[in-house]
Amino acid sequence: MSLPEGQHRLILIGPQGSGKGTQGELLSVYLQIPTISTGHLCRTEIERGTALGKSIEREVRAGELVPDSVITEMLRVRLADYDAKDGFIIDGFPRTVAQARDAESWLQPTKVIAIELTDKIAVSRMSARRACSQCRYKTTADAVAKHGSICPRCNGAIIQREDDFPEAIQKRLDMYRSVTQPVVDHYHERDLVERFNGSLSIPLVFMEIAHVL
Ligand SMILES: [Zn+2]
């Protein structure tokens, strides 16, 4: 593993359950550059209750993708922040080939990190997720089997959210395969893609990614 040098403008792509979010956090610490998640940007707008947040919330509730123009604008504003001037890691963008083409003039990634996972493993990992019905506490089916279904933070009931039912997961995976997977091919043609096996453990995948940077 060599020390990071030069500017990194990384794009993380992978289906839900691939550990992409966690790798983003680890890489952010390792490279000392921010991980910018479009999902997080959207949630922040929703929490702030802005007009933009309300329109995003409607899209998300309807199971639709947030419009490209909205995502692009939020991301460009965020990338102009001081902490992103020496590099960044983007999680959740481009989500479509159209977004990737649009971003060609202003994003210029140095590498695209594609974390691959079969649908079967993705569904099995995600359907094991459990969450508190009252607060943001997140846990797993194994932990619930061991410690019971009362939230240790707020005493609320720990449940399996509808989003984490296998049918809902499969629906999101189908969308990922049809809409986002082609983004990997798009960047592969530009020789920017490094592929990783997301079924391996988080530390192992991280070491492999760090090795190619
Ligand atoms: Zn709770």
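Rules behind the numbers
- Residues numbered from 1 in each chain as written.
- Predicted model: local features only at pLDDT ≥ 70, side-chain atom pairs only at ≥ 80, totals over all residues.
- Heavy atoms only, no water.
- Pairing = 2+ DSSP bridges.
- Helix = DSSP H or I, 4+ residues; strand = E, 2+ residues; numbered from the N terminus.
- Donors = N, O, S within 2.8 Å, 3.2 Å for Na, K, Ca; no water.
- Buried < 20%, exposed > 50% of the residue type's maximum accessible area, 1.4 Å probe, protein only.
- UniProt positions renumbered as here; feature names shortened; annotations may be inferred.
- Contact = heavy atoms within 4.5 Å.
- Axes fitted to C-alpha atoms, helices over the stretch in contact; angles between N-to-C directions.
- Parallel < 35°, antiparallel > 145°, perpendicular 65-115°, else oblique.
- Left-handed = near helix turned anticlockwise from the far one by under 90°.
- Nonpolar A, V, L, I, M, F, W, Y, C, P; charged D, E, K, R; others polar.
- 1 Å grid on protein atoms, 1.4 Å probe; cavity = no way out; pocket = protein on both sides within 12 Å on 5 of 7 lines; lining within 4 Å.
- Points joined across faces, edges and corners; volume = space filled by probe spheres on them.

S.K.: Now, about the sheet that holds strand S6 (residues 138-140): what can you tell me, with residues and values included?
M.R.: Strands belonging to one sheet form pairs held by backbone hydrogen bonds; the direction of such a pair is parallel or antiparallel. Overall, antiparallel pairing links the three strands, which are arranged S6-S5-S7 in an open sheet. Each of the sheet's edge strands pairs with one partner strand only, and the pair in question is S6 and strand S7 (158-159).

S.K.: Give a description of the coordination of the zinc ion that names residues and reports values.
M.R.: The protein atoms that coordinate the zinc ion are Cys 132 (SG), Cys 135 (SG), Cys 151 (SG) and Cys 154 (SG), at distances of 2.3 Å. Along the chain, the residues donating to the zinc ion are arranged with the sequence spacing C-x2-C-x15-C-x2-C. Assessed through its relative accessible area of 6%, Cys 132 is described here as buried.

S.K.: Break down the UniProt feature "binding site: AMP" (unreviewed entry) in the protein for me, with residues and values.
M.R.: Here the UniProt-annotated "binding site: AMP" (unreviewed entry) positions come out as Thr 38, Arg 43, Glu 64, Leu 65, Val 66, Gly 92, Phe 93, Pro 94, Arg 95, Gln 99, Arg 161 and Arg 172. Separation in sequence by 135 residues is matched in space for these annotated residues, since their most distant C-alpha atoms are 29.8 Å apart. Tracing the sequence through the fold places Phe 93 in the loop between strand S3 (87-91) and helix H5 (97-103). Discounting chain neighbours no more than four positions away, the residues touching Phe 93 are Ile 11, Thr 38, Ile 71, Thr 72, Leu 75, Gln 99, Ala 103, Trp 106 and Leu 107. Its place among the elements puts Arg 172 in helix H8 (residues 166-188).

S.K.: Outline the packing of helix H1 (residues 20-31) against helix H9 (residues 202-212), listing residues and values.
M.R.: Packing of H1 against H9 brings their axes to within 10 Å, and their N-to-C directions diverge by 50°. Looking at the two axes, H1 sits oblique to H9. Both H1 and H9 take part in a crossing whose hand is right-handed. Mapping the contact onto sequence places Thr 22, Gln 23, Leu 26, Leu 27 and Tyr 30 in H1 and Ile 202, Val 205, Phe 206, Ile 209 and Ala 210 in H9. The residue makeup of the contact of H1 with H9, split by class, is eight nonpolar, two polar and no charged.

S.K.: Describe the layout of surface pockets, listing the residues and the values that go with them.
M.R.: Approximately 150 Å³ is the volume attributed to the second largest pocket. At the level of elements, helix H2 (38-48) and helix H4 (68-79) are the ones that each hand at least two residues to the lining of the second largest pocket. Considering each element in turn, the lining of the second largest pocket owes the most residues, five residues, to H2.

S.K.: I'd love a proper account of the sheet that holds strand S4 (residues 111-116), names of residues and values included.
M.R.: The five strands lie next to each other as S2-S3-S1-S4-S8, forming an open sheet whose pairing is parallel. Of all strands in the sheet, those bounded by a partner on one side alone are strand S2 (35-37) and strand S8 (193-197). This sheet shows a mean twist of 20° between the axes of neighbouring strands, independent of strand direction. For S2 and S3, the ladder comprises three bridges, and the chain directions are parallel.

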